[in-house]
Amino acid sequence: MNFRKGQRREDPEINLIPFIDVLLVILIFLMVSTTYSKFTELQITLPTADAQKATDKPFELNVTVDAKGNYTINGEPVSFRDVNGFAQAMREAASKGGDAGKSPVVIVNADQFAMHQMVINVMEAARIAGYEKLTFAAQTGGTK
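Residues numbered from 1 in each chain as written. Predicted model: local features only at pLDDT ≥ 70, side-chain atom pairs only at ≥ 80, totals over all residues. Heavy atoms only, no water.

Enumeration over the complete set of coordinates arrives at two salt bridges. Where Lys96 meets Glu76, a salt bridge forms, and the shortest distance between an N and an O atom there is 3.9 Å. Here Lys96 is found in helix 2 (residues 83-97), whereas its partner Glu76 is found in strand 3 (residues 76-78), with 20 residues between them in sequence. Taking relative accessible area as the criterion, Lys96 reaches 64% and is therefore assigned exposed. Taking relative accessible area as the criterion, Glu76 reaches 47% and is therefore assigned partly exposed. Residue Glu124 is joined to Arg127 by a salt bridge in which the shortest nitrogen-to-oxygen separation is 2.4 Å. (Salt bridge = Lys/Arg side-chain N within 4 Å of Asp/Glu carboxyl O. Helix = DSSP H or I, 4+ residues; strand = E, 2+ residues; numbered from the N terminus. Buried < 20%, exposed > 50% of the residue type's maximum accessible area, 1.4 Å probe, protein only.)

Our next topic: the packing of aromatic side chains. Counted according to the given criterion, the structure contains three aromatic pairs. Ring geometry for Tyr71 versus Phe80: centroids 4.8 Å apart, planes at 25 degrees, classification stacked. Grouped by ring-pair contacts, the aromatic residues Tyr71, Phe80 and Phe86 constitute a single cluster. (Phe/Tyr/Trp six-rings, centres within 6.5 Å; stacked < 30°, edge-to-face > 60°.)

The strand order across the open sheet built from five strands is 3-2-1-4-5, with neighbouring strands paired in mixed fashion. Each edge of the sheet is formed by a strand with only one pairing partner; in this case those strands are strand 3 and strand 5 (134-136). Put simply, the sheet's adjacent strands are angled 25 degrees from each other on average, direction ignored. Inspection of the sheet shows strand 1 (residues 60-65) paired to strand 4 (residues 105-110) by six bridges, in the parallel sense. Considered in strand 4, the bridge of Thr64 is made with Asn109. (Pairing = 2+ DSSP bridges. Axes fitted to C-alpha atoms, helices over the stretch in contact; angles between N-to-C directions.)

Encoded structure:
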């Protein structure tokens, strides 16, 4: 038997307004009860740099080697007989232009077509002369 023939059945409805109200109350409670002053608990001592700029430029000994086998020291042509003779020429050039107590920085400028052995000769002469600081000058790409 169906007694509800004349009555219409209503669809269930979910009301979200009370749910949103409860979430807002919880959010307000969390915002009020949270303390933001606890960042000072971590003590960090950061390092500081106390370095000063270099006041004097180190004495440089510029040695150039070209593709034809010519050597120059600080722009003055030097004839290469052997490695020991070139080391002596490097010592003489260093005594002319720099401090007697300081070891110069040897900068090797080699042509791209210079033989590898020529650069090795300069490195060996610097070792014999007692110069420990040696660097190579390089040209950046894109320039011709």
